[in-house]
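Structural overview
Next come the chains, spelled out residue by residue.
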Amino acid sequence: MTFSPQVIEMIKTGIGETLFMVFASTIISYLIGIPLGIILVVTEKGGIRPIPALQKVLGIVINLLRSVPFLILLIMVLPITRKIVGTTLGAKAVVPPLVIAAAPYIARMVESSFKEVDAGVIEAAKSMGASTFQIIWKVLLPEAKPSLLVGAAISTTTILGYSAMAGAVGGGGLGGIAINYGYYRYQTDMMFLTVAILVIIVQIIQEIGMKLARVSDKRIR
Amino acid sequence: MAAEETIIQLRNMGKEFKTANGPVVALDDINLDIQRGEIFGIIGLSGAGKSTLVRCINMLEVPTSGEVVFEGENLAAMSESGQRKARQSMGMIFQQFNLLAQRNVVKNICFPMEIAGTPKKQARERAMELLKLVGLEDRAKAYPAQLSGGQKQRVAIARAIATNPKVLLCDEATSALDPNTTKSILQLLKQINRDLGITVIVITHEMAVIEAICDRVAIIDQSHIAEVGKVSDIFSEPKSRIGRQLILGDAVTNVKFDVARKYRIIFDGRESMEPVIANMILACKVPVNILYASTKDIGGKAVGQMIVQLPEDETDANRALTYLKSVEIPYEEVREHDI
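Read on for a plain summary of the structure. Bear in mind that the values here come from a model prediction, so they are computed numbers and not experimental data.

This structure, assessed with the given rule, holds 4 aromatic pairs over all chains. When the centroid spacing of 4.7 Å and the interplanar angle of 10° are considered together, the rings of A:Phe70 and A:Tyr162 count as stacked. Taken together, the residues A:Phe70 in helix α3 (residues 70–76) and A:Tyr162 in helix α7 (residues 132–166) connect sequence positions 92 residues apart. Given the relative accessible area of 23%, A:Tyr162 is considered partly exposed. Relative to B:Tyr331, the ring of B:Tyr263 has its centre 6.1 Å away and its plane inclined at 65°; by these criteria the two rings are edge-to-face. Here B:Tyr331 lies in strand β14 (residues 331–333) and B:Tyr263 lies in strand β11 (residues 262–267), a separation of 68 residues in the sequence. B:Tyr331 gets classed as partly exposed once you look at its relative accessible area, which sits at 24%. Against the face of A:Tyr181 rests A:Arg185, its NZ or CZ located 4.4 Å from the ring centre.

Pasting the structure below:
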């Protein structure tokens, strides 16, 4: 199995596009998902600042977005994509649908990380007169950090999977190569190659995330 | 307590929780005066409402009726930011220590000072000072996971008093510790009370904790205060049923109680030097069976109780009781329903 220089060049571009899609949308999704996750935890019944009505509505919206299959969502948001990016083709155009799909998912991941924080520690902070913001900033976020990092590794790899799906509708990246060459042109070796590269990327991201979580966690030592 | 001055006053305080099965009364009509500088104990069985009571004092739980007056101000009527400010004058420690797992010891102690807005450098210096006070200056950089239970509670105590509070609330602070560690933590609390003049409120289900450090005690049972008083008074003469149960508690488990003519003899600190029982036997010529005996050091006085079984014969038994009366030793018959 040998590959021509053009193919290698194409794969390189594909890797670049995939990494761009994944990291750009992960970062933007986290910027949206963390505040949403905080709101979910803080406003729940028995939370630090209960607003059950808001919590309920937000929960429903998040579940709605999460239940739309990604491929459908990709097509549904095409008008929005065109407005934001100016085109519906290529790696950049995949970022808005990826964010719309991933942000609610990340909100739930962040929520579950925050829920792991010991209620007693939050009570202790309250007993010292901490405000809601101080509890979020000085207790919830730092105490949940290792769990948030594990969540980030899982979320990033999930987004990587979504990004490959986007290749089917002209999204470029490794997924695009796998579909266009491996599937439409029956070049099985191309398909295996791209899949192999995707596997390696997933492994690396997962490993880095777990390692960071382990190193930052002061509970085990 | 030379000059008696009330620091915390609970007036007709009540707390009701709304649950799916209707309202549940956790506390009802609680009235307590806690004096500045004392160590005040609140004891009760689990579920009696003592944890809710201590949380009402610093408004972690908001009472549904009545008042909580701290230094002349009703906390329940305060704004939220006012309550937060007031909390900075009340430290709190917990059964499970509740240290921040991702912060080391020094940073844990700095935490309440960060919240109060103390400058960083000043906070660090104060933290090191406090670490010395609790005897852990060599563990400054350690994380909570690396500490033993007793060490964690010492850090928690240092953290709780970092902002120079006037009151320290202890919620079952020694219940997760072994007896020796418990002793050393109680000594530390006593030392803090004595040297820093911090009023200490201790919540516990263990009579031993009350005996060891408290000046006064309130016994709480089924959402009500059953009795309040000086520890030595309540110990030698508990008036409420729950008081007897808590004080006689270990006697109940240690003594087989299906015998007749059981009497509890109370030593309130003055007769411990006299051989009371031996004298009684010699004077009355009656055999006495000692079922249970215990003497404890409460505030420097030897206070104790003994449960004895008197002879079946009524005249013999009465002779013994008359003797006890004549030497002014309090006693009472122990019946099954008392315990």
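A few words on the sheet that holds strand β1 (residues 6–19) of chain B. Residues and elements named next belong to chain B. Ordered by their spatial adjacency, 4 strands build an open sheet running β2-β1-β4-β5, and the pairing between neighbours is antiparallel. Both outer strands of the open sheet, β2 (22–35) and β5 (73–74), are each paired with one neighbouring strand and no more. Note that strand β4 (residues 65–70) and β5 share 2 bridges and pair antiparallel. Within β5, the residue paired with Val-69 across the bridge is Asn-74.

Residues A:Phe114, A:Val139, B:Ile8, B:Leu10 and B:Leu53 are the most contacted members of the largest nonpolar core, which totals 81 residues. B:Ala140, B:Ile234, B:Ile242 and B:Leu246 belong to the second largest nonpolar core, which has 52 residues in total.

Moving on, we get to unusual backbone geometry. Although it is not a glycine, A:Tyr186 adopts a positive phi angle of roughly 55°. When you line up the elements, A:Tyr186 lands in the loop between α8 (173–184) and α9 (188–216). Positive phi outside glycine occurs at B:Met59, with the angle close to 65°. Looking at the element boundaries, B:Met59 is found in the loop between α1 (50–57) and β4.

How each quantity is defined
- Residues numbered from 1 in each chain as written.
- Chains lettered and ligands numbered in written order.
- Predicted model: local features only at pLDDT ≥ 70, side-chain atom pairs only at ≥ 80, totals over all residues.
- Heavy atoms only, no water.
- Phe/Tyr/Trp six-rings, centres within 6.5 Å; stacked < 30°, edge-to-face > 60°.
- Helix = DSSP H or I, 4+ residues; strand = E, 2+ residues; numbered from the N terminus.
- Buried < 20%, exposed > 50% of the residue type's maximum accessible area, 1.4 Å probe, protein only.
- Lys NZ or Arg CZ within 6 Å of the ring centre and 35° of its normal.
- Pairing = 2+ DSSP bridges.
- Core = buried A, V, L, I, M, F, W, Y, C linked by side-chain atoms within 4.5 Å.

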